[in-house]
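This is what each chain is made of:
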Amino acid sequence: QVQLVESGGGSVQAGGSLELSCAASGSIFSINAMGWYRQAPGKQGELVAAITRAGTTNYADSAKGRFTISRDNAKNTVYLQMNSLKPEDTAVYYCNADVRSWSDTTYHGYWGQGTQVTVSS
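In short, a report on the structure.

Calculation rules
- Residues numbered from 1 in each chain as written.
- Predicted model: local features only at pLDDT ≥ 70, side-chain atom pairs only at ≥ 80, totals over all residues.
- Heavy atoms only, no water.
- Helix = DSSP H or I, 4+ residues; strand = E, 2+ residues; numbered from the N terminus.
- Rg over C-alpha atoms; globule rule 2.2 N^0.38 Å.
- Buried < 20%, exposed > 50% of the residue type's maximum accessible area, 1.4 Å probe, protein only.
- Contact = heavy atoms within 4.5 Å.
- Salt bridge = Lys/Arg side-chain N within 4 Å of Asp/Glu carboxyl O.
- Core = buried A, V, L, I, M, F, W, Y, C linked by side-chain atoms within 4.5 Å.
- Pairing = 2+ DSSP bridges.
- Axes fitted to C-alpha atoms, helices over the stretch in contact; angles between N-to-C directions.
- Phe/Tyr/Trp six-rings, centres within 6.5 Å; stacked < 30°, edge-to-face > 60°.

Thoughts on the overall build of the chain
Argument step 1. Across its full length, the chain holds zero helices and eleven strands.
Argument step 2. Listing every helix and strand of the chain by position from the N terminus yields β-β-β-β-β-β-β-β-β-β-β.
Argument step 3. Here the C-alpha radius of gyration of the chain, 14 Å, is about what a compact globule of 121 residues would show, namely 14 Å.
Argument step 4. If one aligns the C-alpha atoms of the chain with their principal axes, the spans along those axes are about 50 × 25 × 25 Å.
Argument step 5. For the chain, the proportion of its 121 residues judged to be buried stands at 40%.
Argument step 6. A fraction of 56% describes how many contacts in the chain between residues 6 or more apart in sequence connect residues 24 or more apart.

A closer look at the pattern of salt bridges
Argument step 1. The tally for this structure, following the rule as stated, stands at four salt bridges.
Argument step 2. Linking Glu-46 and Arg-38 is a salt bridge whose minimum nitrogen-to-oxygen distance equals 2.8 Å.
Argument step 3. The exposure class assigned to Arg-38 is buried, which follows from its relative accessible area of 8%.
Argument step 4. Note that Lys-64 and Asp-61 form a salt bridge whose closest N and O atoms lie 3.3 Å from each other.
Argument step 5. By sharing partners, the salt bridges in this structure join Arg-38, Glu-46, Arg-66 and Asp-89 into a single network.

Thoughts on the nonpolar core
Across soluble globular proteins, nonpolar side chains have a tendency to be buried as a group.
Argument step 1. In this structure, Trp-36, Val-48, Phe-67, Ile-69, Leu-80, Met-82 and Tyr-93 are the most contacted members of the largest nonpolar core, which totals 30 residues.
Argument step 2. Of all the elements in the fold, those that place two or more residues in this core are strand S1 (2-7), strand S3 (18-26), strand S4 (28-39), strand S5 (46-51), strand S7 (67-72), strand S8 (77-82), strand S9 (91-101) and strand S11 (115-120).
Argument step 3. At five residues, S9 tops the list of elements feeding residues into this core.
Argument step 4. Those residues in contact with Ile-69 that lie beyond four places of it in its chain are Met-34, Gly-35, Trp-36, Ala-49, Ala-50, Ile-51, Thr-57, Tyr-59, Val-78, Tyr-79 and Leu-80.

A word on the sheet that holds S7
Argument step 1. On the basis of which strands lie adjacent, the open sheet formed by four strands has the order S1-S3-S8-S7 and antiparallel pairing. Edge positions in the open sheet fall to S1 and S7, since each of these has one partner strand only. The mean inter-strand angle of the sheet, taken between neighbouring strand axes irrespective of direction, is 15 degrees.
Argument step 2. Across six bridges, S3 lies against S8 in antiparallel orientation. The residue of S8 that forms the bridge with Glu-19 is Gln-81.

Quick notes on the packing of aromatic side chains
For any pair of aromatic rings, geometry is given as the distance between the ring centres together with the angle between the planes.
Argument step 1. A full pass over the atoms with the stated rule returns two aromatic pairs.
Argument step 2. Centroid distance Phe-29 to Trp-102: 4.9 Å. Interplanar angle 75 degrees. Geometry classified as edge-to-face. Note that Phe-29 is positioned in strand S4 and Trp-102 in the loop between S9 and strand S10 (108-111), a separation of 73 residues in sequence.

Right, dumping it as structure tokens:
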């Protein structure tokens, strides 16, 4: 069994910063890509940032220049550093990991429970 646990969400004023963390645990053989998604009420969910095991990154246009995704493979953890936050960043943020467990022969996507980020103007 594999699970992802997120932390670091909260409330912040516009222009402030937050760092989200997501740690994978369980019967893990290998983790390929990891990423962060967000969804706000009335808006389409979107991929915010993704990172491969080797460290190649990709960002949504809205996140470029403000957010940084990173990972620690030894800890099976992915991070999202968010700077210069705007009210439009308000959403529930979900982490995702493409994981192969010891009992599996293929990779499967796993999701964190979600963490609320609220940015006030």
